[in-house]
Amino acid sequence: MFIEQLALDQRQAALARQRWTERALLITAWVFLAANTLALSISRGDFRLEAWWHLLAWTVCAIAGVWLLDKRLPRRDPLLFPLALIMTGWGIIAIERLEERLEPIFADRQTVWLIISVGAMLIVASLPQVLRWLRVYRYTLLVIGLALLVSTILLGSNPSAQPGAPELWLGFGTVFFQPSEPLKIILVAFLASYMAEQYPALRAEGLEAEHRLLSLSPRILGPILLMWGLSVVFLVWQRDLGTAILIFVVFLTLLYVASGYTPLLLIGAVLVLIAGIAAYQLFAVVQLRVDIWINPWPEASGDAYQIVQSLFAFASGGVFGQGIGQGAPNNIPVVHSDFIFAAIAEEWGLLGVIAVIGCLMTLVTRGLRSATLQRGRPFTALLAVGLSLLIGLQSLLIMGGVLKLIPLTGVTLPFFSYGGSSLLTNFVILALLLRLSSESPSPTGER
Amino acid sequence: MTTEVILLILRVLAGLALLVLLGLLCFALWRDYRSAANEVEARRRVYGQLIRLQKIDGTYTPTGETFPLLPLTSLGRSPTNTIAINNDFASSEHALVALRNGQWWLEDRQSRNGTTVNGIAVSQPIIITDGDIIGIGAAQFRLELDH
């Protein structure tokens, strides 16, 4: 009918606008990547084909991704996929630029991981039942995750094979995998589904305000605390302190979001402080990190060399950066994984840093937005909050660490850093967010 | 051109691309929040009402029944309609009043006894304005818009 046709036209126009946004973002990103690839080739003085292969692979991923997502999830959030691709492409070109020093071809590997990750994302995003599976099989998943973690403790190794380096990887021939990465998703899904089940109790419906603490009784919190404590103990045992603190904070925030009980935040802050002091006393690594955070300069050419070089990189970047291939970010040790933010700051300057933060911030706020739209569905809402927080807090931890705002914790910068398991995990998180955003009703309640 | 000049041009191009990217992001977010705000606003707003009329001695008199006007108001005998009409001459899904592109439209939903505007039968969707009298079967309503 005519009037209904008009409404349909309006909805289709909105859909067309969304598609336009997605494509415009991807085309701009392509121009950015192409300009940088060309500049890198010129500044190096050799036109290696590899760099152009990476750009081609990125383009194929973008086109295939948009095409398949249009088919499977036409109502998805249009910003999520382009943002992830922009960040990954930028990461690859930055790794490519840092390659002079790195022996196995890291950018090639990262490109292969990008293809695998986009494939995994498309598969996860097109499974209609994936959110239900996360809820129904939460104990199975958690047991698998913990089993992987235990096997890392028993069989773990480090790809760089240096003595004394933390052994967080499971090696299969030349491929290494970090089980603590998928464990993050599993743990968030577990916490979200358990808290959703206990939602009325956590919300303390029917309780007086002064009896609010009763709702957080051990009967409700016990299983959560047990599972979460087990994971954190394993991670601390492995000296994977960055992931441990990330999961600690995400847990507290999720509990706060589920219960809406503000004193929890205070209790959480005190707990983090206590955990920090305890870690400072117990672990030499933590002590060293905190000491060089307070004053790196006496150790500037020793233990604090990395962070001091990172600060120099930020300083020499200035507002517009040195230009790709024209700075000296290779002075920073292990710059391609944890310190890639410093390399970006040196070669793309303040503008690049703002763009990085803008991309990550938009990704996180879009995730939180799809959480607010999940009315009356605590599991999906909590899952969206938890997954967005994983990306957001991890970015804050490493960006703050690289800038010496907080003590350094060794986590990757999501999407940018070199690391296959990290990239794959982030793309699976992205797939779940895409699924969540396309299942949330529009603000008017229309489906 | 020397290498330095080409590199500078490429740097400027990359910087511009980043600025365009940030601009696009801001624009997309702004448009999204604006349309969400508009939709919330639209749901809260009062548009006007439909006043039930009765014909006594050739003149229309309000019966006292008024119905708030929604952006999509359906009229008919079935209780699922926004305005349910208890009248044997009304079809179960009789007519639609809808706000589209700033105009109020009236559409007949293939009712048995037809829909009228000011006594004229409606065969295709028609724009209606303040004061128009809509006839649904034997029932009449006057459209009153709030500005």
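Residues numbered from 1 in each chain as written. Chains lettered and ligands numbered in written order. Predicted model: local features only at pLDDT ≥ 70, side-chain atom pairs only at ≥ 80, totals over all residues.

**A word on the overall build of chain B**
Reasoning step 1: Each helix and strand in chain B was counted, giving 1 helix and 11 strands.
Reasoning step 2: Along the chain direction, N to C, the helices and strands of chain B fall in the order α-β-β-β-β-β-β-β-β-β-β-β.
Reasoning step 3: Since a compact globule built from 147 residues should have a radius of gyration of about 15 Å, the 26 Å found for chain B marks it as more spread out than a globular shape.
Reasoning step 4: Across its three principal directions, the C-alpha atoms of chain B cover 95 × 25 × 25 Å. (Helix = DSSP H or I, 4+ residues; strand = E, 2+ residues; numbered from the N terminus. Rg over C-alpha atoms; globule rule 2.2 N^0.38 Å.)

**Things to note about the overall build of chain A**
Reasoning step 1: Scanning chain A from N- to C-terminus turns up 16 helices and 2 strands.
Reasoning step 2: When each of the 447 residues of chain A is scored for burial, the buried share is 44%.
Reasoning step 3: Taking the intrachain contacts of chain A between residues at least 6 apart in sequence as the baseline, contacts between residues at least 24 apart amount to 70%. (Buried ≥ 20, exposed ≤ 12 C-beta atoms within 10 Å, placed from the backbone. Contact = placed C-beta atoms within 7 Å.)

**As for the interface of chain A and chain B**
Reasoning step 1: Each side of the interface is counted separately: chain A has 28 residues, and chain B has 26 residues.
Reasoning step 2: Where the side of chain A that touches chain B is concerned, the elements lending two or more residues are α1 (2-44) and α14 (340-372) of chain A.
Reasoning step 3: With 16 residues, α1(A) is the single largest residue contributor to the side of chain A that touches chain B.
Reasoning step 4: Grouping the constituent residues of the side of chain A that touches chain B by class yields 19 nonpolar, 9 polar and no charged. (Nonpolar A, V, L, I, M, F, W, Y, C, P; charged D, E, K, R; others polar.)

**Digging into the pairing of strand β10 (residues 133-136) of chain B**
Residues and elements named next belong to chain B.
Reasoning step 1: Of the pairings in the sheet, the one linking strand β7 (residues 115-117) to β10 comprises 3 bridges and is antiparallel in character. Bridging from a neighbouring strand, Val117 pairs with Ile134 of β10.
Reasoning step 2: As defined by bridge partners, β10 adjoins strand β11 (residues 139-145) across 4 bridges and the pair is classed as antiparallel. Bridging from a neighbouring strand, Ile133 pairs with Arg142 of β11.
Reasoning step 3: Connecting β10 to the antiparallel partner β11 that follows it, the hairpin turn spans 2 residues, and Gly137 within it adopts a positive phi of roughly 60°. (Pairing = 2+ DSSP bridges.)

**Here's the deal with the sheet that holds strand β8 (residues 120-121) of chain B**
Residue and element names in this part refer to chain B.
Reasoning step 1: Read from one edge to the other, the open sheet built from 6 strands follows the order β2-β1-β11-β10-β7-β8, with strand pairing classed as antiparallel. The outermost strands of the open sheet, each flanked by one partner alone, are β2 (59-68) and β8.
Reasoning step 2: Pairing of β7 with β8 involves 2 bridges; the strand directions are antiparallel. By the bridge assignment, Thr116 is partnered in β8 with Ala121.

**Quick notes on the nonpolar core**
Reasoning step 1: In this structure, A:Val188, A:Leu254, A:Phe341 and A:Leu382 are the most contacted members of the largest nonpolar core, which totals 121 residues.
Reasoning step 2: With 15 residues, α14(A) is the largest single contributor of residues to this core.
Reasoning step 3: Core analysis: the next-biggest nonpolar cluster, separate from the first, contains 17 residues, B:Ala95, B:Val97, B:Ala98 and B:Leu106 among them. (Core = buried A, V, L, I, M, F, W, Y, C linked by C-beta atoms within 7 Å.)

**Regarding helix α10 (residues 241-259) of chain A**
Spacing of three or four residues puts side chains on the same side of an α-helix, whose turn is 3.6 residues.
Residues and elements named next belong to chain A.
Reasoning step 1: For α10, spanning 19 residues, the distance from its first C-alpha to its last is 27 Å, which sits close to the expected 27 Å at 1.5 Å a residue.
Reasoning step 2: Most of α10 sits inside the fold, with 16 of its 19 residues counted as buried.
Reasoning step 3: With its phi angle positive at about 65°, Gly260 sits one or two positions after the end of α10. (Expected span 1.5 Å × (residues − 1).)

**Observations concerning the confidence of the model for chain A**
Reasoning step 1: Scored by pLDDT, chain A comes out at a mean of 83, with 87% of its residues at no less than 70.
Reasoning step 2: The low-confidence segment residues 443-447 of chain A (pLDDT under 50) makes 6 contacts with residues lying over four places distant or belonging to another chain. (pLDDT = per-residue confidence, 0-100.)

**Details of the packing of helix α7 (residues 180-197) of chain A against α10(A)**
Residues and elements named next belong to chain A.
Reasoning step 1: Axis separation between α7 and α10 bottoms out at 11 Å; the angle between their running directions is 20°. Taken together, the axis directions place α7 and α10 in an arrangement best described as roughly parallel. Judged by the sense of rotation from one axis to the other, the crossing of α7 with α10 is right-handed. Along the contact surface, α7 presents Ser180, Lys184, Leu187, Val188, Leu191, Ala192 and Met195, while α10 presents Thr243, Ile247, Val250, Phe251, Leu254 and Ala258.
Reasoning step 2: Residue composition of the contact of α7 with α10, by class: 10 nonpolar, 2 polar and 1 charged. (Axes fitted to C-alpha atoms, helices over the stretch in contact; angles between N-to-C directions. Parallel < 35°, antiparallel > 145°, perpendicular 65-115°, else oblique. Left-handed = near helix turned anticlockwise from the far one by under 90°.)

**Considering the sheet that holds strand β6 (residues 103-108) of chain B**
Picture the strands of a sheet paired through backbone hydrogen bonds; they go either parallel or antiparallel.
Residue and element names in this part refer to chain B.
Reasoning step 1: The strand order β4-β3-β5-β6-β9 describes an open sheet built from 5 strands, whose pairing is mixed. Unpaired on one side and paired on the other, β4 (83-84) and β9 (126-128) mark the two borders of the sheet.
Reasoning step 2: Here strand β3 (residues 72-76) pairs with strand β5 (residues 95-100) via 4 bridges, running antiparallel. Paired with Thr73 across the strands is Val97, a residue of β5.

**Some thoughts on the packing of α14(A) against helix α1 (residues 3-44) of chain B**
Reasoning step 1: Where α14(A) meets α1(B), the axes come as close as 10 Å, and the angle between the chain directions of the two elements is 30°. Judged on the interaxial angle alone, α1(B) and α14(A) are roughly parallel. In this structure, the crossing between α14(A) and α1(B) has a hand that is left-handed. Between α14(A) and α1(B), the residues in contact are A:Leu351, A:Gly352, A:Ala355, A:Gly358 and A:Thr362 and B:Gly15, B:Leu18, B:Leu21, B:Leu22, B:Leu25 and B:Leu29, respectively.
Reasoning step 2: Of the residues assigned to the contact of α14(A) with α1(B), the class counts are 7 nonpolar, 4 polar and no charged.

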